[in-house]
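One letter stands for each residue in the lines below.
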Amino acid sequence: MTRAGLLKASALTAALLLSGAASPGDRPLAPLEGAGWELVWADEFEGTALDRSKWTPEVSCWGGGNDERQCYTDRPENIAVEGGMLLLKARKERHAGPARPPEIAEYDNPTVIQSHTSGKVRTIGLHAWRYGRIEARAKVPAGQGTWPAIWMMPDAPAYGAWPRSGEIDILEAVNIGAPCKTCAGGAENRTISALHFGNVPPANRFVDHRNTLPGGALPSEDFHVYAVEWGEGLIRFLVDDRVHLTVTADEWSTAAPQAKGRSAAPFDQPFYLMANLAVGGRLSEENNAKGVAASSFPAQFAIDWIRVYRCAGDPATGSACIR
């Protein structure tokens, strides 16, 4: 890491573990300093171009399996590194491109036309991790039809097709600021963390939680640190070092026969990391004000840094650092 990156890291002081209530301000804090986490990979986005030794942009227009409306491109209009940040930019413009990324492309991989463009970067084929703490400091966009995410997928699907091999969603922010009947203040102010697992649809399963910031603030108004701490048989999600979802191995499963005898499957294999800004899709368009609002675009998902830690004293399971 550069000196500037180290200064950023040293600024993340952590508190002692507190007993927590349900309200956001009272949720337990997870210690970072003194917990034994060792930084093993990071991108501080301090240059003027995406570091291709760490990231590969996805080029695809298939809609992510969720009927999303974007083509992901490898253009500076959609992916930029500026001012010490990674900027993923969604724009309303017709664009044609390959339906799917190479690893899941159909034989002829037909060309698809979408109404919007955006950016998605992945560490696929470059970096993957099993167990550790993965965190990002990011500012999500607001608007009906915006769907930014930071998430992880299996580097090699050892247990078969989605979701048998699992999915780890560190951050999703859907329609932030749009009308919400069940949200304090009447506007969507929740971010989502989730695990996906089980069997192929419709027998797929998930565990998720919608987190609200202290005071009900909109997450689009400022940067926040979104993290997952992942150990053998235990995964917990945090926002600004406050734990908001903890999941244990008895709450997840996989239908894959090759997982027999593996109590932590499917979350016992290396996963790669990605960040993207989707446009529309079922989760977005079926909720809040419905559809995709023209006023939401152009939109920008800003990521200050992404860091990966391993548990120095327990790299095999990561469990000793999750306390």
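Structure: see above.
Right, let's walk through the structure included here.

Scoring rules and cut-offs
Residues numbered from 1 in each chain as written. Predicted model: local features only at pLDDT ≥ 70, side-chain atom pairs only at ≥ 80, totals over all residues. Heavy atoms only, no water. Disulfide = S-S within 2.5 Å. Helix = DSSP H or I, 4+ residues; strand = E, 2+ residues; numbered from the N terminus. Buried < 20%, exposed > 50% of the residue type's maximum accessible area, 1.4 Å probe, protein only. Pairing = 2+ DSSP bridges. Salt bridge = Lys/Arg side-chain N within 4 Å of Asp/Glu carboxyl O. Contact = heavy atoms within 4.5 Å. Phe/Tyr/Trp six-rings, centres within 6.5 Å; stacked < 30°, edge-to-face > 60°. Lys NZ or Arg CZ within 6 Å of the ring centre and 35° of its normal.

By the definition in use, this model includes 3 disulfides. Paired through a disulfide, Cys-61 and Cys-71 show a sulfur-sulfur distance of 2.0 Å. An S-S torsion of about 115° defines the bridge between Cys-61 and Cys-71 as right-handed. A residue pair is termed long-range when its members are at least 10 positions apart, and Cys-61 in the loop between β2 (56-57) and β3 (70-72) and Cys-71 in strand β3 qualify at 10 residues. Judged on exposure class, the residue Cys-61 and its partner Cys-71 are both buried. Two residues, Cys-311 and Cys-321, share a disulfide whose sulfurs are 2.0 Å apart. Linking Cys-311 and Cys-321, the disulfide has an S-S dihedral of approximately 85° and is accordingly described as right-handed. Linking Cys-311 in strand β17 (residues 299-311) with Cys-321 in the segment after β17, this pair joins segments that are 10 residues apart in sequence. Both residues of the pair, Cys-311 and Cys-321, belong to the buried class.

Turning our attention to the sheet that holds β2. Strand order across the open sheet formed by 7 strands is β2-β7-β16-β9-β10-β11-β12, with antiparallel pairing between neighbours. A single partner strand is all that each edge strand has here, and the edge strands are β2 and β12 (204-212). Strand direction decides the pairing type here: strand β11 (residues 190-198) and β12, joined by 9 bridges, are antiparallel. Opposite His-196, over in β12, you have Phe-206 as the bridge partner.

Here we come to unusual backbone geometry. With omega at 10°, the peptide bond leading from Pro-201 into Pro-202 counts as cis. With respect to the secondary-structure elements, Pro-202 resides in the loop between β11 and β12. Cis geometry marks the peptide bond from Ala-265 to Pro-266, where omega comes out at 5°. With respect to the helices and strands, Pro-266 occurs in the loop between β15 (242-248) and β16 (271-279). You will see that Phe-45, though not glycine, has its phi angle at about 55°, which is positive. Secondary-structure assignment places Phe-45 in the loop between β1 (37-43) and β2.

The next thing to look at is the pattern of salt bridges. This model, assessed by the stated rule, comprises 19 salt bridges. Between Arg-52 and Asp-74 there is a salt bridge, and its shortest N-O distance comes to 3.0 Å. Separated by 22 residues along the polypeptide, Arg-52 in the loop between β1 and β2 and Asp-74 in the loop between β3 and β4 (79-82) bring together distant segments of the chain. Judged by relative accessible area, Asp-74 falls into the partly exposed class, the value being 39%. Sharing partners across several salt bridges, the network here consists of Arg-133, Glu-135, Glu-229, Arg-236 and Asp-241.

Assignment of secondary structure puts Ala-275 in strand β16. Note on Ala-275: relative accessible area 0%, which makes it buried. For the pair Ala-275 and Arg-262, spaced 13 residues apart in sequence, the C-alpha separation works out to 29 Å. Setting aside chain neighbours within four positions, we find Ala-275 in contact with Leu-88, Gly-119, Lys-120, Val-121, Ala-149, Ile-150 and Ile-303.

Summed over all chains, the structure comprises 7 aromatic pairs. In textbook terms, an aromatic cluster arises when at least three aromatic residues are bridged by ring pairs, as seen for Tyr-131, Trp-230, Trp-252, Phe-267 and Phe-271. Its end group placed over the ring of Trp-41, Lys-54 keeps NZ or CZ at 5.8 Å from the ring centre.

What follows deals with the environment of Trp-305. Tracing the sequence through the fold places Trp-305 in strand β17. On the accessibility criterion, Trp-305 (2% relative accessible area) is buried. Taking the C-alpha atoms as reference points, Trp-305 and Arg-137, 168 residues apart in sequence, are found 5.5 Å from one another.

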